[in-house]
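Observations on the model geometry
Spelled out, the chains give:
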Amino acid sequence: MLPKDLKLKRKKSRNLEKPAKSMLSNPPVPGSAASEAAVSGTALPVLCIVGRPNVGKSTLFNRITGRRRAIVGDEPGITRDRLYSEAEWDGNFFRLVDTGGIVPDDDDFIPSEIFRQARFALDEAAAIIVVVDGRSELAGPDMELARLLHRTGKPLFLAVNKIDSDKQEHLAENFRTLGIRNVYPISAEHAIGVGELLEAIFEIPAMKQKSEAWKKAKAATEELELSHADREDGLGEGDGEDSPPAVAPAEIKVAIIGRPNVGKSTLLNQLTGADRSIVSPIAGTTRDAIDEVVERNGQRFRFIDTAGIRRKGKTKLMAEKLSVIMARKHLEDADIALLVIDAPEGVAALDAHIAGYAHESGRSVIVVVNKWDLVTKAAAAASHGTAPVASRLSKAARLQTSKQTADRELYEQRLRGELKFLAYAPVLFVSASMGRGVDQVFEQVVEVAAERNKRISTGEMNRFLKHLDFERAPVPARQQVRIYYMTQAAVAPPTFILFCDRVVKLHFSYQRYLENQIRAAFGFVGTPIWIKTRGKG
């Protein structure tokens, strides 16, 4: 059940407890094998929310999905990219999309890009919810937006938001001049009238039929998986001494993290093969976390483009502060983090700070050095004598130029010197804007995901433990322990438990030596290793 504050209240129906729920645990993805293998044409119906800035679109999106997925605030224009989430209402499954505030006549870069992103959502929508602010006067941009939406030929539903009581319902009538027949006074913040709105939407045959087809496909796929599991049960379990082969999960969640303006959104667009995120030279363009699913060679990837993480003192607007908080939250929900580094700038203190978030939260990490083409161009220019003379450069510029070595091995060596705690993380060199080296990201993600879920049997661990020489780890006598045996307690991240003669915090020399030996013997590429101790008896 959803929290009490996320219930959708109906004004006229007797049933007041009909929440729209997000699908739980690995939601089947439209276009994936889980949803379309059994029945063709079974993508979830798409319901699109549009409107001018600051009318409550994101609040309605969060209300319907039952999650605080979109950033909500009083500042206009917080949402920029389009956000997707799967949801359910009264047994009807659908995909909801939130768009940025549309101002049709605004030619500035960000508003025009927001409008372009919204057009993608409108093209795939089966129905459209137009949100207006019931407490404000009808304005010219509302009329222009309504004219644009009428041209789509899609079913339109006008949600007159911020109608918090019955006494305010008459305000909704003022908006009938927009020419939208289906008008519903709602309060997204207080969950009033949203149930009636969704009921009316699912009276549309296209929404109902697509939802039913998707449910049939899902049921057929689950039946197929159960029959496959029954066949697997017939196989012998073996003696349990050999570790099972490392296999990546069915869906790998990958968070793209880094400082502002290092190319995270450009990388997402290259990985997904679509203009999924707005890309601009303006730092902090991305605010909400944008996720997109890609299926490649039978493997499903969910890439999440997060907002650029800044230090607390550098964030001033409320939206920026919330975007950083949301970025860290989505990082913790992911399996793997792609830490994007700006190649010409090298590793900054903030990069190490962000890498620490991923490491401490137990996420696997792949370091992606982006804009590598700029480094090679600078090196080529220097070799031909077209680069600025070093003596004319400032101290900061000379330091920056020294980081721009085109030798990958030397660059990686310097990078690992700055990120010593990520010695286990593979390093990739790409140019997201040119599309160079992006394919290797998929291969590395699959490998790291498998290593993250690798399990070593207790028998193997104890045979490994017998060959370790702990005398090589200088440890004070008061912190020396006698280790009886060792077992792997969990995966993702790999977690090992040492059973010792007494309960004591493992000395860092023991910890470092043991981790290095485990990696040398079993791999665990790209993932942190957690080691815990337990006193025997």
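Higher on the page you've got the structure.
Note that the structure is a prediction, hence the values are computed from the model and not measured.

1. Let's talk about the environment of alanine 406
Counting through the fold element by element, alanine 406 comes out in the loop between helix 11 (395-402) and helix 12 (408-418). Setting aside anything within four residues of it in sequence, one finds alanine 406 in contact with Trp372, Val375, Thr376 and Ala379.

2. Things to note about the sheet that holds strand 6 (residues 182-185)
Strand order in this open sheet of six strands is 2-3-1-4-5-6, and the pairing throughout is mixed. Two strands bound the open sheet, and with one partner strand each, they are strand 2 (83-89) and strand 6. Looking at each pair of strands side by side, their axes are set apart by 25° on average, direction ignored. Across five bridges, the pairing between strand 1 (residues 46-51) and strand 4 (residues 127-133) is parallel. Looking across to strand 4, one finds that cysteine 48 is bridged to isoleucine 128. Across the sheet, helix 2 (residues 57-65) is in contact with strand 1, strand 2, strand 3 (92-98) and strand 4; its angle to strand 3 comes to roughly 155°.

3. Considering unusual backbone geometry
Residue proline 493 is bonded to the preceding alanine 492 through a cis peptide linkage, with omega at 0°. Its place among the elements puts proline 493 in the loop between strand 13 (483-490) and strand 14 (495-500). Of note in the backbone geometry, asparagine 261 takes a positive phi value of approximately 65° without being a glycine. With respect to the secondary-structure elements, asparagine 261 resides in the loop between strand 7 (251-257) and helix 7 (264-272). The class of asparagine 261 is partly exposed, set by a relative accessible area of 36%.

4. Some details on the sheet that holds strand 13
Ordered in space as 13-14-15, the three strands form an open sheet in which the pairing is mixed. Looking at which strands have only one partner, the edges of the open sheet turn out to be strand 13 and strand 15 (530-535). Direction aside, neighbouring strands of the sheet carry axes that sit 25° apart on average. Two strands pair when backbone bridges link them, and strand 14 and strand 15 are joined in this way by six bridges, in the parallel orientation. Across the sheet, residue leucine 498 finds its bridge partner in strand 15, namely threonine 533. The strands touched by helix 14 (residues 458-466) are strand 13 and strand 14; relative to strand 13, the strand with the most contacts, the crossing angle is about 140°.

About the criteria used
- Residues numbered from 1 in each chain as written.
- Predicted model: local features only at pLDDT ≥ 70, side-chain atom pairs only at ≥ 80, totals over all residues.
- Heavy atoms only, no water.
- Helix = DSSP H or I, 4+ residues; strand = E, 2+ residues; numbered from the N terminus.
- Contact = heavy atoms within 4.5 Å.
- Pairing = 2+ DSSP bridges.
- Axes fitted to C-alpha atoms, helices over the stretch in contact; angles between N-to-C directions.
- Buried < 20%, exposed > 50% of the residue type's maximum accessible area, 1.4 Å probe, protein only.

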